[in-house]
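Here are the chains, one letter per residue:
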Amino acid sequence: MAGRIVVGVDGSPQSVAAAHWAAQEAVRRGAELVVAHAWVTHVRPAPLATKDSTERGWAERVLREAVDSVRAAHPTLAVTATLIAESPVPALLSAVAEADTLVVGTLGLSRAAGVLVGSVSLRVAGRAPCPVVLVRAGRSAADEHLPTAPGLAPDEIPSIPYRAVVLGLDIDSPCDEPIGFAFEAARRRTTELRVCHVHEQEGAGPEGAAAAEHAVIALLRPWHEKYPDVSVATTVTEGRAGDELVRATDGAGLVVVGRRITGSRLGERLGHVAHAVVQHAECPVAVVPHS
């Protein structure tokens, strides 16, 4: 097995989407998939538990249904189920101790309330030692591929080209981990990597933009040599980094952003750019920690 991917499920539509995204990614990598569900005893019954079932029985059913769904779609995939008797955030953080990637569901921005919902996903993405991919409800395997004519059979989907991978690049704090993750993702999908750097210095003018473009080219040069088969398109724009990067994700299959590990005693958290992308990007978002 080439690594391990963990996906957290809770029975919600977004966690179902996350489970199937994680399964497809495990197939691409030839990795093991671990489906994890956190369960703790409450004084009051779980909202979805029926009168003739225990909370543990309900938790086991949630996990079993997720695993059965994934196995039905990917019968040859190695899938392990794990029920963790702990609250969700510490449970998922412990589950990824030996994992390469964690996948969780997210609701993104609540249009009604105008606030970000899915605090477990956000807290885990801000603290996990490995990359965390956040997947919205309703995402399917077909959404990773370019549009096709109606009536396409499910077994035909893998032959359709993948949508591009987008990397948000900060040249002021370059880091190998997000760049490497993005190149690998593009290589596995045989698709284009679009590197987006946002130049936020007001009044820098054409000279500042040109300097930023040269910095991007120099930073990516060794990665071109390491991944000669990956087609790369670079864009340097001016504006607010979060807004511009979200705009760059239009039509993409995956966006990759970095999260600096600060070691703060107040706890790790997402930066404002990553936070904006998680809020507004329609495609899955990979948050990759780096030093």
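Residues numbered from 1 in each chain as written. Predicted model: local features only at pLDDT ≥ 70, side-chain atom pairs only at ≥ 80, totals over all residues. Heavy atoms only, no water.

Student: Where do I start with the packing of aromatic side chains in this structure?
Tutor: The geometry of an aromatic ring pair is captured by two quantities: the separation of the ring centres and the angle between the planes. For the coordinates displayed, the defined rule picks out three aromatic pairs. A centroid spacing of 5.8 Å and a plane angle of 20° characterise the contact between Phe183 and Trp223, whose relative ring orientation is stacked. With Phe183 in helix 5 (residues 176-189) and Trp223 in helix 6 (residues 205-226), this pair connects stretches of sequence that are 40 residues apart. As far as the burial class goes, Phe183 and Trp223 line up, both buried. Note that Arg56 overlies the ring of Trp39, its terminal NZ or CZ placed 5.2 Å from the centroid. Sitting over the ring of Tyr162, Arg189 keeps its end group 6.0 Å from the ring centre. (Phe/Tyr/Trp six-rings, centres within 6.5 Å; stacked < 30°, edge-to-face > 60°. Helix = DSSP H or I, 4+ residues; strand = E, 2+ residues; numbered from the N terminus. Buried < 20%, exposed > 50% of the residue type's maximum accessible area, 1.4 Å probe, protein only. Lys NZ or Arg CZ within 6 Å of the ring centre and 35° of its normal.)

Student: Explanation requested: the sheet that holds strand 6 (residues 165-168) in the structure shown.
Tutor: Strands belonging to one sheet form pairs held by backbone hydrogen bonds; the direction of such a pair is parallel or antiparallel. Here we have 10 strands laid out as an open sheet, ordered 3-2-1-4-5-10-9-6-7-8, and mixed in their pairing. A strand with exactly one partner marks an edge of an open sheet, and here the two such strands are strand 3 (79-84) and strand 8 (232-238). Each neighbouring strand pair of the sheet contributes to a mean axis angle of 25°, computed without reference to strand direction. In this structure, strand 6 lies alongside strand 9 (residues 254-260), joined through three bridges in parallel fashion. By the bridge assignment for strand 9, Leu167 is matched with Val256. Contacting strand 2 (32-38) and strand 3, helix 2 (residues 55-73) runs over the sheet at an angle of about 165° to strand 3. (Pairing = 2+ DSSP bridges. Axes fitted to C-alpha atoms, helices over the stretch in contact; angles between N-to-C directions. Contact = heavy atoms within 4.5 Å.)

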